[in-house]
Amino acid sequence: MSYEMIGIFVLWIFLYGYLIVASIDFGAGFFAFYARITRQDHVINQLISRYLSPVWEVTNVFFVFFFVGIVGFFPETAYYYGTALLVPGSIAIILLAIRGSFYAFENYGSKQSTVYMFLYGATGLLIPASLSVALTLSEGGFIVEENGVVSLQYLELFTSPLSWSIVALSIVSVLFISATFLTFYASRAKDYPALKLVRKFALFWSTPAIIAALTAFIFLSQHNRGHYESMLDLWWMLGLSVGFFMTTAWLLYQGKYYGMAFISVMLQYVFAFFGYGIGHYPYLLDPFITVYDSATHESMGIALVTAFIGGLLLLIPSLILLMKLFLFDADYVKGKK
Amino acid sequence: MELDTVLMSRLLTAMTLGFHIIFATLGVGVPLMISIAELIGIKKNDPHYRLLARRWTRGFVITVAVGVVTGTAIGLQLSLVWPNFMQVAGNVISLPLFMEVFAFFFEAIFLGIYLYTWDRFNNQYIHWVFSLPIIIGGGFSAVFITTVNAFMNTPDGFTTENGTFAAVNPIAAMLNPATPTKVFHVLTSAYLTCAAILAAITAFMILKKKTTDYHKKALKLTLTLTFIFAVLTAIAGDSSAKFLAVHQPEKLAAAEWHFETEEGADLLLFGWLNDAHEAVGEIRIPNFLSFLAYGDFNAEVTGLEETPEDKWPPLWVHYMFDLMVTIGFLLPGVALLYFILSKLKKRNEHNKGMLSLIVLSGPLAMLAIEFGWIYAEEGRQPWIIRGYMTVEEAATSSPYIGLMFVLFLALYIVLGTLCVVTLRKLFRDNPAEEELEKHYPSFEKDDES
Ligand code: HDD
Ligand code: HEM
Ligand code: HEM
């Protein structure tokens with residue numbers, strides 16, 4: 001495999017990783033807020049904060065990894081996306097900043113505040129919405145380059161059904177993934193009242209999740225025919241994704257094997273996300289940049305891949321330790337430690 | 001119009017970095033202080049020191065959160081605000097940026113572990129060991145990002161072909177001539193600043209309340225560390241000046257208003273410039289600039305006359321440099337005074353004047369960091385990559401940059417205020433004395449003096 005391919009492959013995996021861990025985090029923020037205003041917070045908020053407290057910073061690093069990596073492997077993306085995304089990107093940064101710091105102020109400081117909770121819940125939905133703009137832009141048609149000046153066509157972006165369907169998809173996916181994970185976590189903690197509530201959330205959001213996915217797919221077919229057709233060539237991946245969706249919904253409904261349900265939802269998104277990504281190949285930004293013409297020098301590419309392998313050797317044992325101590329330590333999960 | 005976007009881009013970057021650097025410095029230095037306190041606590045079996053480590057950690061997580069979010073902001077802004085710079089420089093310097101992410105990752109994971117495992121292990125050394133990856137992670141973030149900044153000052157590790165960078169050697173780019181002194185100075189000054197700030201907080205507590213053993217031990221420890229790192233910082237600063245004299249003479253010359261190349265150059269402190277570019281009202285230390293630059297009182301120091309005037313850095317960086325150096329001498333002075341007083345039997349080292357000086361040295365240290373960076377960054381002007389790309393060429397063309405500046409300004413005001421409010425509340429609601437009883441009930445009560 002060429003270093004460009006390794007690069008984009010690794011980055012896509014990390015973006016997928018971010019999709020999962022960030023969805024859990026964002027959705028949990030929303031559910032915590034929702035529980036607060038419906039006076040159910042005593043049921044689930046303890047559970048949510050026990051999981052989130054040790055890991056929120058790690059979630060953020062997944063995102064940093066992705067954007068540093070993409071500019072590293074494909075410096076050209078900085079030029080196009082950087083210029084075009086100044087406004088949506090800045091908004092996303094501000095939301096992320098509010099979210100991260102207010103989380104710390106609320107949790108580590110001694111104050112419990114509904115305003116903080118509200119910001120924490122609301123940003124959980126707005127951040128995926130603003131980040132998803134980058135995916136919409138990559139489909140092409142929203143960025144123009146005239147006389148060497150790159151600009152974003154705001155009107156087209158805001159009136160495009162594709163862009164809104166992607167926003168909707170990102171929000172409901174966040175809620176669905178998060179609720180499914182929390183169901184699994186609650187069942188591990190043997191916290192039955194919480195389990196009952198979060199399972200309800202998970203079942204509730206499953207149908208919108210699949211509808212939003214299909215809607216986005218239909219709008220994509222109108223907006224970018226080429227991408228749509230290459231995704232159809234990968235019909236088996238999309239089929240598997242739908243299959244895993246049904247498995248998840250069934251397991252949740254059965255009320256057994258919540259661990260399997262969460263794995264199944266992860267697989268559902270693996271196939272959808274990679275089907276989408278491979279279909280997008282070779283474009284990083286349709287039609288301006290492809291994986292090949294925007295790649296960095298070979299020596300840098302190799303250095304980055306080497307650093308990546310070294311980094312993984314350092315991180316994987318550390319992550320395993322983290323998970324052992326917090327996620328899979330039954331006593332910790334149950335709140336005894 | 002064109003220039004306006006550039007100006008706003010500069011202001012936005014300066015503001016974000018100026019804000020991030022406060023929290024980044026704490027992120028680099030405080031873990032070392034925590035770790036030292038915990039180690040002493042375990043070794044001496046003294047709950048005071050362990051409580052110190054615990055309380056510092058509690059404050060630290062709040063500043064880390066702000067550090068992480070502002071760091072994420074600057075990381076993204078590099079591409080959003082300087083797209084042309086990242087497109088070109090990304091080819092050469094993405095390796096350290098990439099490795100920095102791994103350093104964060106490492107730090108983040110172990111910070112999570114450290115925070116939530118205070119009483120989980122029977123062997124207390126296990127918990128202490130978890131502080132090491134945090135120090136290493138924070139330290140390496142600083143090292144990697146500083147190599148990027150060093151590259152901007154003395155670019156290396158590539159050849160140019162038709163205006164683009166070719167034949168890139170990422171390792172050589174990282175290990176460019178500016179790297180060693182810069183890394184050394186950035187690390188030592190971060191440790192110095194954190195020690196000074198923690199000493200200032202302790203002195204403040206003593207001033208406000210009674211003097212307890214807990215606070216006295218904390219003050220002695222932090223001032224010892226302040227002194228050690230202040231000496232190291234001065235050594236590092238001196239080597240930075242020696243580096244500049246050889247590799248970036250116009251930056252040193254601008255800081256010293258040294259216009260003509262000459263032997264036995266004088267060191268100027270403060271003063272101002274008249275219309276004929278002559279210093280007025282300055283303090284002049286004969287031959288000391290030659291000594292600072294080459295370690296030899298008669299060495300020849302390159303003056304600004306050898307740089308075309310349109311490539312001169314702004315001359316006001318002189319004040320930034322002087323303020324930094326002045327603070328650099330004040331800080332060890334204050335610490336030294338404290339130890340002299342404590343050796344003199346008749347004197348009380350915890351008198352009001354002494355404590356006020358210590359309180360003052362915390363903010364001063366942080367100011368020195370800001371002055372130092374402004375000097376380093378402004379002294380590189382007009383270049384963003386010295387000799388290859390100017391700041392003007394690098395900026396975004398987007399017209400919305402002014403609006404973004406306002407948004408971020410509001411964000412930082414809110415974050416800064418809430419951070420201070422939260423920290424104050426956190427420590428006011430949990431006085432050290434109460435906490436000592438809660439965590440270490442068997443320990444005999446503080447004898448008060
Ligand atoms: C507590 C903070 C602090 C203190 C007391 C000092 N410095 Fe400093 N200085 C920094 C914090 C700093 C810094 C923030 O770390 C800088 C900014 C950029 C850099 O590389 O380090 C810096 C830059 C910097 C530079 C420019 C390096 C470059 O641009 O490559 C020089 C020549 C010095 N310093 C010299 C000194 C001297 C001679 C000091 C006398 C004791 C001194 N500094 C004290
Ligand atoms: C490592 C820590 C750094 C700090 C604390 C820092 C600090 C600063 C400060 C205070 C300014 C304001 C100068 C002014 O008033 O114009 C500035 C400007 C700037 N810095 Fe740095 N800098 C750092 C590293 C970097 C790095 C690594 C980059 C890019 C990769 C960078 C890019 C810039 C740019 C583009 C400007 C605007 C140009 C200018 O106005 O000087 N800086 N920085
Ligand atoms: C252009 C300059 C800089 C950039 C692009 C940058 C980037 C970042 C990013 C992306 C983060 C968040 C990482 C996360 O998600 O955990 C961060 C945090 C951090 N940065 Fe910066 N940074 C810059 C300057 C500096 C400097 C000068 C230092 C040290 C001297 C530093 C040290 C740190 C540390 C230690 C953290 C971890 C958070 C904390 O402990 O407070 N950074 N930075």
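Residues numbered from 1 in each chain as written. Chains lettered and ligands numbered in written order. Predicted model: local features only at pLDDT ≥ 70, side-chain atom pairs only at ≥ 80, totals over all residues. Heavy atoms only, no water.

(A) Quick look at the overall build of chain B. Helices and strands together make up the secondary structure of chain B, namely 15 helices and 10 strands. Entry remark: accessible area of chain B is about 18,800 Å², with carbon and sulfur atoms responsible for 64%. (Helix = DSSP H or I, 4+ residues; strand = E, 2+ residues; numbered from the N terminus. Areas by Shrake-Rupley, 256 points an atom, 1.4 Å probe, with all protein chains shown as cover.)

(B) The site of ligand 1, seen in detail. All names here are of chain B. As a structural note, the neighbourhood of ligand 1 is formed by 26 residues, with K182, H185, S189, K251 and M324 the closest of them. Interatomic distance of 2.7 Å between a side-chain N/O atom of H185 and a nitrogen atom of ligand 1. In the model, an oxygen atom of ligand 1 is placed 3.1 Å from a nitrogen or oxygen of the S189 side chain. At the level of elements, α7 (179-208), α8 (213-247), α11 (317-343) and α12 (352-378) are the ones that each hand at least two residues to the shell around ligand 1. Here the residues of the shell around ligand 1 are counted per class, giving 15 nonpolar, 8 polar and 3 charged. (Near = heavy atom within 4 Å. Polar contact = N/O pair within 3.5 Å; in protein donor to acceptor, adjacent residues only side chain to side chain. Nonpolar A, V, L, I, M, F, W, Y, C, P; charged D, E, K, R; others polar.)

(C) Local environment of the coordination of the iron atom of ligand 1. Residue and element names in this part refer to chain B. Only H185 (NE2) and M324 (SD) from the protein coordinate the iron atom of ligand 1, and they sit 2.1 to 2.4 Å from it. If you look at the iron atom of ligand 1, its 6 donor atoms make angles of 80 to 178° with each other, and the shape they trace is octahedral. Remark: M324 occurs in helix α11 and H185 occurs in helix α7; sequence separation between them is 139 residues. Accessibility classification places H185 together with M324 in one group, the buried group. (Donors = N, O, S within 2.8 Å, 3.2 Å for Na, K, Ca; no water. Tetrahedral: all angles 85-135°; square planar, octahedral: opposite > 155°, others 65-115°. Buried < 20%, exposed > 50% of the residue type's maximum accessible area, 1.4 Å probe, protein only.)

(D) Looking closely at the site of ligand 3. Neighbouring ligand 3 are 26 residues, the closest being N60(A), H20(B), G71(B), F104(B) and E107(B). One finds residues of chains A and B in close proximity to ligand 3. Secondary-structure elements contributing two or more residues to the shell around ligand 3 are α2 (41-73) of chain A together with α1 (2-44), α2 (47-81), α3 (83-115) and α5 (131-153) of chain B. With 8 residues, α2(B) is the largest single contributor of residues to the shell around ligand 3. Grouping the amino acids of the shell around ligand 3 by side-chain chemistry returns 15 nonpolar, 8 polar and 3 charged.

(E) How the structure looks around the interface of chain A and chain B. Taken together, the contact between chain A and chain B spans 68 residues of the former and 65 residues of the latter. Carbon and sulfur atoms make up 80% of the area that chain A and chain B hide from each other, which totals about 5,800 Å². Across the contact surface, chain A and chain B share 0 salt bridges. Seen at the junction of chain A and chain B, the total is 1 residue pair in polar contact (both at pLDDT 80 or more). At the level of elements, α2, α3 (76-84), α4 (86-108), β2 (149-152) and α12 (298-327) of chain A are the ones that each hand at least two residues to the side of chain A that touches chain B. In terms of residue class, the side of chain A that touches chain B is made up of 46 nonpolar, 17 polar and 5 charged. (Contact = heavy atoms within 4.5 Å. Buried area = accessible area lost by both parts, 1.4 Å probe. Salt bridge = Lys/Arg side-chain N within 4 Å of Asp/Glu carboxyl O.)

(F) How the structure looks around helix α10 (residues 235-254) of chain A. All names here are of chain A. Taking 1.5 Å of rise per residue, the 20 residues of α10 would be expected to cover 28 Å, and the 28 Å separating its terminal C-alpha atoms lies within 8% of that figure. The complete set of buried residues in α10 reads M237, L238, S241, F245, T248, A249, L251 and L252. Taken down its axis, α10 places every buried residue within 165° of arc, on the same side. Residues of α10 that are exposed and point over 90 degrees away from its buried face: W235, M246, W250 and Y253. Here the buried face of α10 lies against α7 (161-188), α8 (192-223), α9 (225-233) and α11 (258-280). (Expected span 1.5 Å × (residues − 1). Arc of directions from axis to C-beta.)

(G) Spotlight on the pattern of salt bridges. Residue and element names in this part refer to chain B. Scanning all chains against the criterion turns up 5 salt bridges over all chains. With a shortest N-O distance of 3.0 Å, D238 and K242 are connected by a salt bridge. Taken together, the residues span about one helical turn, with D238 and K242 both in helix α8 at a distance of 4 residues. For R380, the salt bridge goes to E377, with nearest N and O atoms at 3.2 Å. For E377, a relative accessible area of 21% translates into the label partly exposed.

(H) Geometry of the nonpolar core. With 244 residues, the main nonpolar core has F31(A), I44(A), L137(A), M33(B), F85(B) and F408(B) as its most contacted residues. Ranked by residue count, the leading element in this core is α3(B), at 20 residues. Counting residues in hydrophobic clusters, the runner-up holds 13 residues, among them A199(B), I206(B), V334(B) and L355(B). (Core = buried A, V, L, I, M, F, W, Y, C linked by side-chain atoms within 4.5 Å.)

(I) Just the pairing of strand β1 (residues 143-146) of chain A, in detail. Of the strand pairs in this sheet, β1(A) and β2(A) are connected by 4 bridges, and their pairing is antiparallel. Considered in β2(A), the bridge of E145(A) is made with V150(A). (Pairing = 2+ DSSP bridges.)

(J) Structural context of the coordination of the iron atom of ligand 3. Coordination of the iron atom of ligand 3 by the protein comes from a single atom, H20(B) (NE2), at 2.1 Å. Position of H20(B) among the secondary structure elements: in helix α1.

(K) Seen up close, the environment of P282(A). Residue and element names in this part refer to chain A. Along the chain, P282 turns up in the loop between α11 and β3 (283-285). For P282, a relative accessible area of 27% corresponds to the partly exposed category. Not counting residues within four places of it along the chain, the set of residues in contact with P282 comprises I289, T290 and V291.

(L) Summary view of the packing of aromatic side chains. Scanning the model with the defined rule gives 40 aromatic pairs over all chains in all. With a centroid separation of 6.3 Å and 70° between ring planes, the pair formed by F9(A) and F274(A) is classed as edge-to-face. Here F274(A) lies in helix α11 and F9(A) lies in helix α1 (residues 3-37), a separation of 265 residues in the sequence. Given the relative accessible area of 43%, F9(A) is considered partly exposed. An angle of 20° between the planes, with centres 3.8 Å apart, marks the rings of F14(A) and F65(A) as stacked. Of this pair, F14(A) sits in helix α1 while F65(A) sits in helix α2, placing them 51 residues apart in sequence. Taken as a pair, F14(A) and F65(A) share a single burial class, namely buried. One aromatic cluster is present, built from ring pairs that chain together F14(A), F62(A), F65(A), F73(A), F74(A), F308(A), F98(B), F102(B) and F105(B). (Phe/Tyr/Trp six-rings, centres within 6.5 Å; stacked < 30°, edge-to-face > 60°.)

(M) Focus on the state of the cysteines. Residue and element names in this part refer to chain B. The final tally for this structure, using the stated rule, is 0 disulfides over all chains. Counting only cysteine sulfurs, C419 is the nearest neighbor of C194, a cysteine outside any disulfide, at a range of 13 Å. Since its relative accessible area comes to 1%, C194 is described here as buried. Exposure remark for C419: the relative accessible area of 3% places this residue in the buried category. (Disulfide = S-S within 2.5 Å.)

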